[in-house]
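# Per-entry structural report
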Amino acid sequence: MEYLRTLHHCSSRALVLQQRRLSFTGYEPSSDTASSGSYQQITASQVKERLDKGDKITVIDVRTPDEYAAGHIPGSLLIPFDEIKVKSDQLPQDKNTEIVVYCRSGRRSAIAADTLISLGYAKIYDLGAVSSWTYGLEK
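So, here's what we can say about the structure. (Residues numbered from 1 in each chain as written. Predicted model: local features only at pLDDT ≥ 70, side-chain atom pairs only at ≥ 80, totals over all residues. Heavy atoms only, no water.)

### Digging into the nonpolar core
- Counting 16 residues, the largest nonpolar core has Val101, Leu116 and Ile124 as the members making the most contacts within it.
- Of all the elements in the fold, those that place two or more residues in this core are strand 4 (98-103) and helix 5 (107-118).
- In terms of residue count, the dominant contributor to this core is helix 5 (5 residues).
- Each residue touching Val101, except ones within four places of it in the same chain, is listed here: Ile60, Val62, Ser109, Ala112, Ala113, Leu116, Tyr125, Asp126, Leu127 and Gly128.
- Judged by nonpolar contacts, the second largest core, of 12 residues, contains Ala44, Ile73, Tyr125 and Trp133. (Core = buried A, V, L, I, M, F, W, Y, C linked by side-chain atoms within 4.5 Å. Buried < 20%, exposed > 50% of the residue type's maximum accessible area, 1.4 Å probe, protein only. Helix = DSSP H or I, 4+ residues; strand = E, 2+ residues; numbered from the N terminus. Contact = heavy atoms within 4.5 Å.)

### Regarding the environment of Glu138
- Residue position: Glu138 is located in the segment after strand 5 (123-129).
- Among the residues examined, Glu138 registers a relative accessible area of 36% and is labelled partly exposed.
- Distance in space between the C-alpha atoms of Glu138 and Pro74 is 5.3 Å, their sequence separation being 64 residues.
- Once residues within four sequence positions are removed from consideration, Glu138 is found in contact with Gly71, His72, Pro74 and Gly75.

Now the structure itself:
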């Protein structure tokens, strides 16, 4: 029982520290993010299965042009994570389009997913690292 109290205390403390860190960095979740929840994680096998079935999903590589040229998921678009807002004309017009984002490690794709949510997109999935894609890359 003491373990559970300690665990709860540690979890609560971590949440408070995380909130303070986000506040310190100036990050504030948008009302769109808060109301829609946020993006979801998705596995490479789930993406592959959806693509093979012909589901209409947009896959976006949010790495740099050099990283994209070195190998990317076939059919994916290149929109670097820090250019999503300025290149929003390259995004689907329908805000209910399912969008999957990925990068090298998962950090930039998480930022990109948050940005897409803030732009009003409702169905965002984060694949994370391109290394999880074991189905071949296009160059």
